[in-house]
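Spelled out, the chains give:
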Amino acid sequence: MNAVATAAGRVPEQHYTHHEARGETVHRTNPVFIHRELEALDVRKGMKVAEVGTGSGLSGGLLAELVGPVGQVTSLDIDPYLTRWANHIHAERGMENIRCFAADGTAGYPDRAPYDRLVAWCTPPLLPTAWVNQVTDGGLIVATLPIAPVPNLTVGAVIRVRNGQPQVESVFPGSYIETGTSPRSDFSVPARWVDWENRVPATSWISIAWRNQDDWRNSGARAALERLREPGHTEPYAGKELDWASLRTYLAATATGHRLTMTEMRPNVLGLGRSTGDSAAVIEQDGTLRADAPDSASLNVLRGWLAAWEEAGRPAPDTYTPALVPDAEGSVTGWSLRLTQ
């Protein structure tokens, strides 16, 4: 049995996720993914570890077991309700080697740095400089990062810090909610990179990678969403059932400079495709193609993208070559993750 499985056997999952005094915590990560990320993190006894995203406290409890009594865990969350309760539950269990703090996780927590390991259960706009600066030489960061400037296009990355510079050792399929500057209770719309949204008669939204070419009124984004909400043309995808993880990674890697567009017009059904000020087309997760017209210019481009993806053999997300590119996103500076074939 590996170290993560052993730790999981000692940590009462339900005590964190369904605490009798707090109730069920909806802000939590699936334990399957927690275990996967912690195995990649390679935590050892005596280490100092930071996590971004306290959630129910379960992941912190596992980390506290992994580092042992002489190690130290620092857990960060933007929501003080979550950090207060997690501190209480950890204390109930007699865990003295973990502390939770209400803070913007993209800035790390320099007061308790440096860290041998850092793991994030939420997705920043890029790999923050603060994380790299607060990790020891040779230390590891495991986090999901965007691979295009639209929501839900992310991969997990295992990153080694050498001489103050991050290097990607591997990538894997992964997606967590976006980091934010304040606590969230509504998760119906992504916290970042949404260029237009409607809330009546039902919630719908659009994200356009070409937002810098749109006007100050977001006219292009708004028009594209309207064309897709009431499309002039729909058709089923002619190929076999979509491999969504493969398709979204392929388009993020190959179409980011070509007006890539993400939508959600039905609850929990994402669409991905192309739009301009005059046309729009997306393919949704169930294989439905929506477009403004049968002869839509964007639909023709999208069909070409789909044909190229099929010809490439529907490549898996972990078959791409990752690269970290220095970048800045608002108040956050760091490195953007990009994939190439």
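Rules used throughout
- Residues numbered from 1 in each chain as written.
- Predicted model: local features only at pLDDT ≥ 70, side-chain atom pairs only at ≥ 80, totals over all residues.
- Heavy atoms only, no water.
- Pairing = 2+ DSSP bridges.
- Helix = DSSP H or I, 4+ residues; strand = E, 2+ residues; numbered from the N terminus.
- Axes fitted to C-alpha atoms, helices over the stretch in contact; angles between N-to-C directions.
- Contact = heavy atoms within 4.5 Å.
- Polar contact = N/O pair within 3.5 Å; in protein donor to acceptor, adjacent residues only side chain to side chain.
- Buried < 20%, exposed > 50% of the residue type's maximum accessible area, 1.4 Å probe, protein only.
- Arc of directions from axis to C-beta.
- Phe/Tyr/Trp six-rings, centres within 6.5 Å; stacked < 30°, edge-to-face > 60°.
- Lys NZ or Arg CZ within 6 Å of the ring centre and 35° of its normal.

On to the sheet that holds strand β16 (residues 280-284). The antiparallel open sheet is built from 7 strands, whose spatial order is β11-β12-β14-β15-β16-β17-β13. Each edge of the sheet is formed by a strand with only one pairing partner; in this case those strands are β11 (196-198) and β13 (233-236). Within the sheet, the average angular offset between the axes of one strand and its neighbour, ignoring direction, is 20°. Here 4 bridges tie strand β12 (residues 204-208) to strand β14 (residues 260-266), and the two strands are oriented antiparallel to one another. By the bridge assignment for β14, Trp205 is matched with Glu264. Each of β13, β14, β15 (269-275), β16 and β17 (288-291) touches helix α9 (residues 297-311); the most contacted strand, β15, lies at about 110° to it.

Attention now moves to the environment of Asp79. Its location among the elements puts Asp79 in the loop between β4 (72-77) and α5 (80-92). C-alpha separation for the pair Asp79 and Ser275, spaced 196 residues apart in sequence, amounts to 36 Å. A polar atom in the side chain of Asp79 sits 3.0 Å from the backbone nitrogen of Tyr81.

Regarding helix α3 (residues 31-41), the residues found buried are Ile34, Glu37, Leu38 and Leu41. All buried residues of α3 lie within an arc of 100° about the axis, which places them on one face of the element. Against the buried residues of α3 lie α1 (3-10), β3 (48-52), α4 (58-67), β6 (115-120), β8 (135-146) and β10 (165-173). In the segment just after α3, Asp42 is the residue with positive phi, at about 55°.

Mapped onto the elements of the fold, Ser275 is located in strand β15. Remark: the alpha-carbon pair of Ser275 and Ala221, spanning 54 residues in sequence, is separated by 8.4 Å. Look past the residues within four positions of Ser275 in its chain and what remains in contact with it is Ile208, Trp210, Ala224, Arg259, Thr261, Ala280 and Ser298. Within the structure, the side chain of Ser275 is placed 3.0 Å from the side chain of Trp210, a separation counted as a polar contact.

Along the chain, Thr83 turns up in helix α5. In this view, Thr83 contacts Thr54, Asp77, Cys100, Phe101 and Ala102; residues no more than four positions away in its chain are not counted.

Across the sheet, which stays open at both edges, the 3 strands sit in the order β7-β19-β18 with antiparallel pairing between neighbours. Whereas interior strands pair on both sides, the edge strands pair on one side only; in this sheet they are β7 (127-128) and β18 (321-329).

What follows concerns unusual backbone geometry. For the bond running from Ala113 to Pro114, omega is 5°, close enough to zero to count as cis. Turning to its location among the elements, Pro114 is positioned in the loop between β5 (98-102) and β6. Looking along the chain, the bond that leaves Val200 and enters Pro201 is cis, with omega of -5°. Topologically, Pro201 is positioned in the loop between β11 and β12. The phi torsion at Asn163 lies on the positive side, around 50°, for a residue other than glycine. Its place among the elements puts Asn163 in the loop between β9 (154-162) and β10.

Scanning the entire structure with this criterion turns up 2 aromatic pairs. An angle of 25° between the planes, with centres 4.4 Å apart, marks the rings of Phe101 and Tyr109 as stacked. Owing to a relative accessible area of 21%, Phe101 belongs among the partly exposed residues under this scheme. Between the aromatic rings of Trp121 and Tyr176, the centroid separation amounts to 6.2 Å while the plane-to-plane angle is 75°, which identifies the pairing as edge-to-face. Taken as a pair, Trp121 in the loop between β6 and β7 and Tyr176 in the loop between β10 and β11 lie far apart in primary sequence, 55 residues in all. As far as the burial class goes, Trp121 and Tyr176 line up, both buried. Over the ring of Trp193 we find Arg192, and its NZ or CZ is 5.1 Å from the ring centre.

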